[in-house]
Structure formats: structure tokens, C-alpha cells
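Overview (structure and organization)
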Amino acid sequence: MIGIDTNILLRFVLADDAGQFAAAQAFFAERNETTPAYISLLVTAEAIWNLGTKGYGKAEIATAFRNLLDADGLVFEDEDFLDLLFDEKRTITADFSDHIIAHLAEKAGCSSTVTFDRKAAKNVPGMELLT
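Residues numbered from 1 in each chain as written. Predicted model: local features only at pLDDT ≥ 70, side-chain atom pairs only at ≥ 80, totals over all residues. Heavy atoms only, no water.

1. Digging into the overall build of the chain
So the rule is basically this: Each helix corresponds to a stretch of at least 4 residues labelled H or I by DSSP, and each strand to a stretch of at least 2 residues labelled E; elements are numbered beginning at the N terminus. For the radius of gyration, the atoms used are the C-alpha atoms, and the globule rule reads 2.2 Å times the number of residues raised to 0.38. Working definition: with a 1.4 Å probe on protein chains only, accessible area under 20% of the residue-type maximum means buried, over 50% means exposed, and in between means partly exposed. We call two residues in contact when some of their heavy atoms are within 4.5 Å.
Scanning the chain from terminus to terminus reveals seven helices and five strands. The C-alpha atoms of the chain give 16 Å as radius of gyration, which agrees with the globular expectation for 131 residues (14 Å, within 12%). With 131 residues in all, the chain has 37% of them scored as buried. Pairs at least 24 apart in sequence give 55% of the contacts found in the chain among residues at least 6 apart.

2. Describing helix H2 (residues 18-29)
The following threshold applies: Here the expected length of a helix is defined as 1.5 Å per residue gap, with one fewer gap than residues. Within 3.5 Å is the distance limit for a polar contact, defined as a pair of N or O atoms, with the added protein rule that one can donate a hydrogen and the other accept it, and that residues adjacent in sequence qualify only through two side-chain atoms.
Between the first and last C-alpha of H2 there are 16 Å, a value that for twelve residues agrees with the 16 Å anticipated at 1.5 Å per step. Measuring from the backbone nitrogen of Gly 19 back to the side-chain oxygen at the start of H2 gives 3.2 Å, which picks out Asp 17 as the cap.

3. A short note on a nonpolar patch on the surface
Applicable threshold: For patch detection, residues must exceed 30% relative accessible area and be free of salt bridges, and they are connected within 9 Å for like charges or within 5 Å for nonpolar side chains (Val, Leu, Ile, Met, Phe, Trp, Tyr). Residue-level accessible areas treat just the shown protein chains as cover; the underlying method is Shrake-Rupley with a 1.4 Å probe. By definition here, a salt bridge exists when the distance from a side-chain nitrogen of Lys or Arg to a carboxyl oxygen of Asp or Glu is within 4 Å.
Together, Val 114, Phe 116 and Leu 130 line one region of the surface with nonpolar side chains, adding up to about 330 Å² of accessible area. Relative to the helices and strands, Phe 116 resides in the loop between strand S4 (113-115) and helix H7 (118-123).

4. Describing the pattern of salt bridges
Note that side chains of opposite charge can pair when their charged atoms are close. Inspection of the entire model under this criterion finds three salt bridges. Here Arg 11 ties to Asp 16 by a salt bridge, and the two come within 2.7 Å at their closest N and O atoms. Since its relative accessible area comes to 44%, Asp 16 is described here as partly exposed. Between Lys 107 and Asp 78 there is a salt bridge, with its nearest N and O atoms 2.9 Å apart. On the criterion of sequence distance, the pair formed by Lys 107 in helix H6 (residues 96-107) and Asp 78 in the loop between strand S3 (74-76) and helix H5 (79-85) is long-range, its members being 29 residues apart.

5. Here's the deal with the sheet that holds S3
Under the convention used in this document: Note: two strands are recorded as paired if DSSP finds a minimum of 2 bridges between them.
Taking strand neighbours across the sheet as the criterion, the three strands line up as S1-S2-S3 in an open arrangement whose pairing is parallel. Both outer strands of the open sheet, strand S1 (2-3) and S3, are each paired with one neighbouring strand and no more. Bridge count for S1 against strand S2 (residues 37-39) is two bridges, and the pairing is parallel. Residue pairing in the sheet places Ile 2 in a bridge with Ala 37 of S2.

6. Looking at the side chain of Thr 113
Along the chain, the position of Thr 113 falls in strand S4. In this view, Thr 113 contacts Ile 101, Ala 102, Ala 105, Gly 126, Met 127 and Glu 128; residues no more than four positions away in its chain are not counted.

7. What about helix H4 (residues 58-70)?
To be explicit about the condition: Here, the arc refers to the directions that run from the helix axis to the C-beta atoms.
Between its first and last C-alpha atoms H4 spans 18 Å; for 13 residues at 1.5 Å apiece the expected length is 18 Å, and the two agree. Of all the positions in H4, only Ile 61, Ala 62, Phe 65, Leu 68 and Leu 69 are classed as buried. One side of H4 carries all its buried residues, which in axial view fall inside an arc of 125°. Within H4, the exposed residues directed more than 90 degrees away from the buried face are Ala 59, Asn 67 and Asp 70. Its buried side turned inward, H4 meets helix H1 (6-14), helix H3 (41-53), S3, H5 and H6.

Just distances and angles here, no functional claims.
Shown next as C-alpha cells:
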């Protein structure tokens with residue numbers, strides 16, 4: 001397994017630099033069950049944030065990640081969680097990153113995650129408003 005940095009994933013998804021896209025495309029074409037690419041939750045969160053800053057909406061981001069989750073040769077950290085997060089039948093009202101933060105805290109044994117973000121506290125299981 002070979003870990004990848006966010007910039008590799010973004011160049012592949014965005015195809016915004018011809019040379020780097022070609023290199024990323026060739027790299028991903030070589031991935032298979034024996035030598036998959038590993039995508040951590042941190043890389044996923046960074047990619048989501050970057051796509052959002054480039055004008056991609058939640059539906060577009062979810063679609064892109066559903067396609068990546070279905071691709072052969074890619075292994076995502078907590079893939080079952082991401083399958084639920086990006087489920088096309090689910091409406092996400094908070095940021096994807098808030099869901100990832102709360103999920104990681106829960107995995108670490110936290111009883112909750114406190115935030116000043118009212119929207120996240122209302123819509124993300126495990127998040128509570130710090131007042």
C-alpha cells in the first residue's frame with residue numbers, strides 16, 4: 001500500500017495542471033488490490049476543504065468521493081464511515097469536515113466534541129455547543 005498526499009488526489013480530481021494530472025493519472029492507473037493507494041481521513045478532509053474553496057458544492061464533493069470510494073485500487077481510512085457520509089440518500093447540513101472531526105473524536109473514545117459552531121452542534125451527532 002502506498003499513502004498519498006492531498007495534492008496528488010486533488011490534481012487527479014481537478015485535472016487543473018496537465019503535467020501533474022498526467023502523473024497522478026498514471027500513478028492511479030497502476031494501483032490494484034496488491035498495491036493500492038491509501039487515502040487517510042486527513043487527506044479526505046483537506047481535499048474536501050480545497051474543493052469547497054474552488055466552488056464545489058456538497059453534492060458535487062459527495063459525488064466525487066462516491067466515485068473514488070468505488071474505484072479499484074484505492075483504500076480509504078474508515079471507508080464504512082465515508083460510505084455513510086457521502087451516501088446520496090443523505091442530506092448533509094453541516095460541513096463534511098465537522099462530521100470527520102466528530103467521528104475521529106468518537107474513535108478516540110471521546111464522549112463528545114465541543115464546538116462554537118451552532119450549525120455543527122445542531123446537525124453533527126456527537127458535537128455539542130460550548131457556551
